[in-house]
Amino acid sequence: MALQILLNFLLAFLWAAMNDTLELPTLIMGYIMGMIAIYVIRNFLPGSFYMIRFYRIIKLIVVFIRELVIANITVMKIVLKPKINVHPGFYAYPCELEEDWEVVLLSSLITLTPGTVVVAISDDYSKLYIHGVHLTDADEEIRGIKSSFENVIKEVGQP
Amino acid sequence: MSSIIAILVLSGVFFSIIAAIGVVRLPDMYSRLHAASISSTLGVSSVLLGVFLYFWYFNNNFEMTLLLAIVLIFVIAPTGAHMLARSAFHSDVEPYKLTILNELRRDEIGHEELREEDKQRAEERKKEKELEE
Amino acid sequence: MNLFLNIVFIIAIVGMAIAMGIASYRIIRGPTLHDKIVALDAFGVMLMATIGIFSVLLDTSYLIVVIMLIGMLGAVGTIAMAKFLEKGWVIDIDRDSDE
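Only a predicted model underlies this, so the values are computations on that prediction, with no experimental measurement involved.

## So, the overall build of chain C
Now for step 1: Scanning chain C from N- to C-terminus turns up three helices and zero strands.
Now for step 2: In terms of overall size, chain C is more extended than a compact globule, its C-alpha atoms giving a radius of gyration of 19 Å where 99 residues would be expected to give roughly 13 Å.
Now for step 3: With respect to the three principal axes, the spread of C-alpha positions in chain C is 65 × 35 × 10 Å.
Now for step 4: Taking all contacts inside chain C whose residues are at least 6 apart in sequence as the whole, residues at least 24 apart take part in 54%.
Now for step 5: For chain C, the centre of its 6 positive side-chain charges and the centre of its 9 negative side-chain charges are spaced 13 Å apart.

## Overview of the UniProt feature "transmembrane region" (unreviewed entry) in chain B
Residues and elements named next belong to chain B.
Now for step 1: With numbering matched to this structure, UniProt assigns "transmembrane region" (unreviewed entry) to residues 6–26, 38–58 and 64–85.
Now for step 2: The span residues 6–26 is 95% helix and 0% strand, and its two end C-alpha atoms sit 30 Å from each other.
Now for step 3: Across residues 64–85, helical content stands at 100% and strand content at 0%; the span's end C-alpha atoms are separated by 33 Å.

## Some details on the UniProt feature "transmembrane region" (unreviewed entry) in chain C
Residues and elements named next belong to chain C.
Now for step 1: In the numbering used here, UniProt assigns the feature "transmembrane region" (unreviewed entry) to residues 6–25, 37–57 and 63–85.
Now for step 2: Taken end to end, residues 6–25 is 100% helix and 0% strand, and its first and last C-alpha atoms sit 30 Å apart.
Now for step 3: Within residues 37–57, the helical portion is 100% and the strand portion 0%, while the C-alpha atoms at the span's ends are 31 Å from each other.

## A closer look at the layout of surface pockets
Empty space among the atoms becomes apparent when a probe as large as a water molecule is rolled across them.
Now for step 1: One number sums up the size of the largest pocket: a volume of about 960 Å³.
Now for step 2: Lining the largest pocket are 32 residues, and of these Phe64(A), Ser108(A), Leu109(A), Leu112(A) and Phe74(B) sit closest to its centre.
Now for step 3: Where the lining of the largest pocket is concerned, the elements lending two or more residues are α3 (50–80), α4 (100–112) and β2 (116–121) of chain A together with α2 (29–58) and α3 (64–90) of chain B.
Now for step 4: Residue composition of the lining of the largest pocket, by class: 24 nonpolar, seven polar and one charged.

## Looking at the nonpolar core
Now for step 1: In terms of nonpolar packing, the biggest core is built from 55 residues, with Ile5(B), Leu48(B), Leu66(B), Phe9(C), Met46(C), Ile53(C) and Ile67(C) touching the most fellow members.
Now for step 2: Looking at this core, the elements with two or more residues in it are β2 of chain A, α1 (2–25), α2 and α3 of chain B together with α1 (3–29), α2 (33–57) and α3 (64–87) of chain C.
Now for step 3: What Ile5(B) contacts, discounting residues up to four positions off in sequence, is Gly50(B), Leu53(B), Tyr54(B), Phe58(B), Leu5(C) and Phe9(C).
Now for step 4: With 21 residues, the next largest nonpolar core counts Leu97(A), Leu109(A), Ile130(A) and Phe149(A) among its residues.

## Section: the pairing of strand β1 (residues 89–94) of chain A
All names here are of chain A.
Now for step 1: For β1, a buried count of five out of six residues is recorded, marking the element as mostly surrounded by other parts of the structure.
Now for step 2: Two strands pair when backbone bridges link them, and β1 and strand β3 (residues 127–132) are joined in this way by six bridges, in the antiparallel orientation. Of the residues in β3, the one forming a bridge with tyrosine 93 is leucine 128.

## Focus on the packing of aromatic side chains
Now for step 1: Under the defined criterion, the tally for this structure stands at 11 aromatic pairs over all chains.
Now for step 2: Summarising the aromatic geometry, the rings of Tyr39(A) and Phe49(A) are spaced 5.3 Å apart at their centres and angled 65° between planes, so their arrangement reads as edge-to-face. In this pair, Tyr39(A) sits in helix α2 (residues 24–40) while Phe49(A) sits in the loop between α2 and α3, placing the two residues 10 residues apart along the sequence.
Now for step 3: Ring geometry for Trp56(B) and Phe62(B): centres 5.2 Å apart, planes at 75°, overall edge-to-face.
Now for step 4: Residue placement shows Arg42(A) over the ring face of Tyr39(A); its charged tip is 4.4 Å from the ring centre.

## Thoughts on unusual backbone geometry
Residues and elements named next belong to chain A.
Now for step 1: One non-glycine residue with positive phi stands out, namely aspartate 20, at about 65°.
Now for step 2: Structurally, aspartate 20 is set in the loop between α1 (2–18) and α2.
Now for step 3: Taking the relative accessible area as the measure of exposure, aspartate 20 reaches 72% and is therefore exposed.

## A closer look at the interface of chain A and chain B
Now for step 1: Taken together, the contacts link 36 residues of chain A with 31 residues of chain B.
Now for step 2: Taken together, chain A and chain B are joined by zero salt bridges.
Now for step 3: Remark: the boundary between chain A and chain B carries six residue pairs in polar contact (both at pLDDT 80 or more).
Now for step 4: At the level of elements, α3, β1, α4, β2 and β3 of chain A are the ones that each hand at least two residues to the side of chain A that touches chain B.
Now for step 5: Considering each element in turn, the side of chain A that touches chain B owes the most residues, seven residues, to α3(A).

## Regarding the interface of chain C and chain B
Now for step 1: In this assembly, 46 residues from chain C lie in contact with 45 residues from chain B.
Now for step 2: For the chain C and chain B pair, buried surface summed over both sides reaches about 3900 Å², with 80% attributable to carbon and sulfur atoms.
Now for step 3: Broken down residue by residue, the surface that chain C buries against chain B is led by His34(C), Val38(C) and Glu86(C), which jointly contribute 15%.
Now for step 4: Counting across the chain C and chain B interface gives two salt bridges.
Now for step 5: Glu86(C) is the salt-bridge partner of Arg86(B), the closest N and O atoms lying 3.6 Å from each other.
Now for step 6: Where chain C meets chain B, there are four residue pairs in polar contact (both at pLDDT 80 or more).

## A word on the pairing of β3(A)
Residues and elements named next belong to chain A.
Now for step 1: Within β3, five of the six residues are buried, which leaves it mostly tucked inside the rest of the structure.
Now for step 2: Where β2 lies against β3, five bridges are found, and the strand directions are antiparallel. By the bridge assignment for β3, alanine 120 is matched with tyrosine 129.
Now for step 3: The hairpin turn running from β2 into β3, its antiparallel successor, is five residues long, and tyrosine 125 in that turn takes a positive phi close to 60°.

## Considerations on the environment of Arg32(B)
Residue and element names in this part refer to chain B.
Now for step 1: Relative to the helices and strands, arginine 32 is located in helix α2.
Now for step 2: For arginine 32, a relative accessible area of 8% corresponds to the buried category.
Now for step 3: Taking the C-alpha atoms as reference points, arginine 32 and alanine 20, 12 residues apart in sequence, are found 9.5 Å from one another.
Now for step 4: A distance of 3.1 Å separates the side chain of arginine 32 from the backbone oxygen of leucine 26, its partner in a polar contact.

Calculation rules
Residues numbered from 1 in each chain as written. Chains lettered and ligands numbered in written order. Predicted model: local features only at pLDDT ≥ 70, side-chain atom pairs only at ≥ 80, totals over all residues. Heavy atoms only, no water. Helix = DSSP H or I, 4+ residues; strand = E, 2+ residues; numbered from the N terminus. Rg over C-alpha atoms; globule rule 2.2 N^0.38 Å. Contact = heavy atoms within 4.5 Å. Lys, Arg positive; Asp, Glu negative; His and termini not counted. Charge placed at Lys NZ, Arg CZ, Asp CG, Glu CD. UniProt positions renumbered as here; feature names shortened; annotations may be inferred. 1 Å grid on protein atoms, 1.4 Å probe; cavity = no way out; pocket = protein on both sides within 12 Å on 5 of 7 lines; lining within 4 Å. Points joined across faces, edges and corners; volume = space filled by probe spheres on them. Nonpolar A, V, L, I, M, F, W, Y, C, P; charged D, E, K, R; others polar. Core = buried A, V, L, I, M, F, W, Y, C linked by side-chain atoms within 4.5 Å. Buried < 20%, exposed > 50% of the residue type's maximum accessible area, 1.4 Å probe, protein only. Pairing = 2+ DSSP bridges. Phe/Tyr/Trp six-rings, centres within 6.5 Å; stacked < 30°, edge-to-face > 60°. Lys NZ or Arg CZ within 6 Å of the ring centre and 35° of its normal. Salt bridge = Lys/Arg side-chain N within 4 Å of Asp/Glu carboxyl O. Polar contact = N/O pair within 3.5 Å; in protein donor to acceptor, adjacent residues only side chain to side chain. Buried area = accessible area lost by both parts, 1.4 Å probe.

Now the structure itself:
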């Protein structure tokens, strides 16, 4: 992916040099033409077309913002009731991601949604221990996290 | 545009007040960590986004520093929350007495060395379940 | 800046002051030391929002660099205190190796 972005910038500069100017609209036009050229020769470069990866990253950010707002409303309902009855709990979550940066991204996203905080990670990166504020059923929560977060991160990680 | 800025700033202030009330009312240190680190992050991000839009629209001044501050809060707040939770667990801060599962303690200590307090608590919970039935 | 936005920002800064006052109760009272660190972390982040609204009310753009500085210092302080309470030192230096 880095090679494709570098080639795209070089093609943009080549276009600006052939038009004998260095203004911003010419560079943007050269960038778009370079993107078309790289799309045509995408089978000869390593990795898939990088715009697909950008689209998956943007989808991840949108999913994350929606989860953040919904879970904040849940915490607000817990705090504002007259009598608080929360049942917190620790549970273990089996994780199936392989690379290091994917595990880091998953635990950051789990910690950022309210109601779950990652407390410890086992040594071989296969289990995450999570503390939840209001825990009705541990298996249900595991399934919720798996369906919403882990699939999207696995899609980003594919080359 | 004025209404968008007003909605963003007022919702940010509302979430910050919820976070402050949560820090006072919740019964346990781990629960207070949830309310303080995460709710206040969302609230302050909304306020800073409103301030950025105000400076861009009314003074025609694109401040990149505010966007950088928002990204900084999103990166640093979960790291700080994780470090606090881990250090509290290893310093034996007691969780709330109605905590349901404690698999982390079981995996770290081992099955044979459950402390006597945990055994008493398990017995009390069994008696409560029998009374309910 | 029209009148409507002026009123909105004055209400916002009063609300943030109330929130910081409520959080400071937990700083004074909290039974363990970790409670105090949690409340101080929240207090530092709310201070960033307060300075942001303040710079709108005073109609200047010189206070925005202060926001980033306070955020960085507060975050590093929280992480350093948490690590110190867990282990007893902050930076891991291995003095016995020969590197």
